[in-house]
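Spelled out, the chains give:
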Amino acid sequence: MNILFFLLPKKNVEYVLNTFTIRQTLEKMEYHHYTAVPILDNQGKYVNTISAEDLLFCLKDNKFNYQETMQVKIESIKPLRDIKAITIDKQMDELIDLVTNQNFVPVVDDNNYFIGIITRKSVITFFQEQFKKQQMILNQNNHDE
């Protein structure tokens, strides 16, 4: 199965640019109720993912005040976890390896341009539907006997 079946395209994904400030990033995450968002550079290439946890520890460790959060760029923050992206040519088993440990998997092309994400929920929902179909077939076969 092609992993693009699960793709939520870039136009439907909230992300931040690496030039965003801590404040801009926090506001975007709060508005959309996200705990993590992809970071892109100005060319649209995937850089990493920033989480609320990353921002919280940064604020705690540096004791930034409100004014400073409007000046410090998120590119200066080192995320606690390196959220791996997957290229569009990868197989399903590679996607499952990543989505098992990440809420979403960023998807990039061969030049590292961000094209969207695959959510853990979409993969689980697909397999849940497949399981239900198999159960219906088994139940029907048992009933026919």
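Look up: the structure comes first, before these words.
Rules behind the numbers
- Residues numbered from 1 in each chain as written.
- Predicted model: local features only at pLDDT ≥ 70, side-chain atom pairs only at ≥ 80, totals over all residues.
- Heavy atoms only, no water.
- Buried < 20%, exposed > 50% of the residue type's maximum accessible area, 1.4 Å probe, protein only.
- Helix = DSSP H or I, 4+ residues; strand = E, 2+ residues; numbered from the N terminus.
- Pairing = 2+ DSSP bridges.
- Patch = residues over 30% accessible without salt bridge, like charges linked within 9 Å, V, L, I, M, F, W, Y side chains within 5 Å.
- Areas by Shrake-Rupley, 256 points an atom, 1.4 Å probe, with all protein chains shown as cover.
- Salt bridge = Lys/Arg side-chain N within 4 Å of Asp/Glu carboxyl O.
- Lys, Arg positive; Asp, Glu negative; His and termini not counted.
- Charge placed at Lys NZ, Arg CZ, Asp CG, Glu CD.
- Phe/Tyr/Trp six-rings, centres within 6.5 Å; stacked < 30°, edge-to-face > 60°.
- Lys NZ or Arg CZ within 6 Å of the ring centre and 35° of its normal.
- Contact = heavy atoms within 4.5 Å.
- Axes fitted to C-alpha atoms, helices over the stretch in contact; angles between N-to-C directions.
- Arc of directions from axis to C-beta.

Draft legend 1. How the structure looks around the pairing of strand β6 (residues 104-108). The element β6 is extensively covered by neighbouring structure, given that five of its five residues are classed as buried. Side-chain alternation along β6 places F104, P106 and V108 on one buried face and V105 and V107 on a second face that is also buried. One ladder, built from two bridges, connects strand β5 (residues 86-87) with β6; its direction is parallel. Following the sheet pairing, T87 is matched in β6 by V108.

Draft legend 2. How the structure looks around a negative patch on the surface. On the surface, a cluster of negative charge is made up of D89, D93, E94, D97 and D110. Inspection of the secondary structure assignment puts D93 in helix α4 (residues 92-99). On the accessibility criterion, D93 (51% relative accessible area) is exposed.

Draft legend 3. A look at the packing of aromatic side chains. According to the stated counting rule, one finds six aromatic pairs in the structure shown. Ring centres of F6 and F126 lie 5.4 Å apart, and the angle between their planes is 85 degrees; on these two criteria the pair is classed as edge-to-face. Residue F6 is located in the segment before β1 (8-9), and its partner F126 is located in helix α5 (residues 120-144); the two are separated by 120 residues in the primary sequence. Accessibility expressed as a relative area gives 7% for F6, which makes it buried. With relative accessibility at 14%, the residue F126 sits in the buried group. Site record: aromatic cluster; members linked through ring pairs are F5, F6, F126 and F127. Above the ring of Y15, the side-chain terminus of K28 is found at 5.7 Å from the ring centroid.

Draft legend 4. Highlighting the sheet that holds strand β2 (residues 16-17). Pairing in this open sheet of three strands is mixed, and the strands run β2-β3-β4 from one edge to the other. Strands at the two margins of the open sheet, each flanked by one partner only, are β2 and β4 (46-51). Here β2 pairs with strand β3 (residues 36-40) via two bridges, running parallel. Bridged to V16 within β3 is I39. Against the sheet, helix α1 (residues 22-32) contacts β2, β3 and β4, and its axis sits at roughly 70 degrees relative to β4.

Draft legend 5. Quick peek at the sheet that holds β5. Pairing is mixed in the open sheet, where four strands are placed in the order β1-β7-β6-β5. In the strand order of this sheet, the two ends are held by β1 and β5, each with one partner.

Draft legend 6. Just the pattern of salt bridges, in detail. Applying the stated rule across the entire model yields four salt bridges. Close ionic contact of E27 with R23 constitutes a salt bridge, the shortest N to O distance being 2.8 Å. In this pair, E27 and R23 both sit in helix α1, four residues apart, roughly one turn of the helix. As a salt-bridge pair, D82 and K84 come within 2.7 Å of each other at their nearest N and O atoms.

Draft legend 7. Here's a closer look at helix α2 (residues 52-62). Along α2, the residues that are buried comprise D54, L55 and C58. Buried residues in α2, looked at end-on, bunch into an arc of 95 degrees, giving them a common side. Considering only its buried residues, α2 is in contact with α1 and β4. In the stretch just after α2, K63 is the one whose phi turns positive, near 50 degrees.

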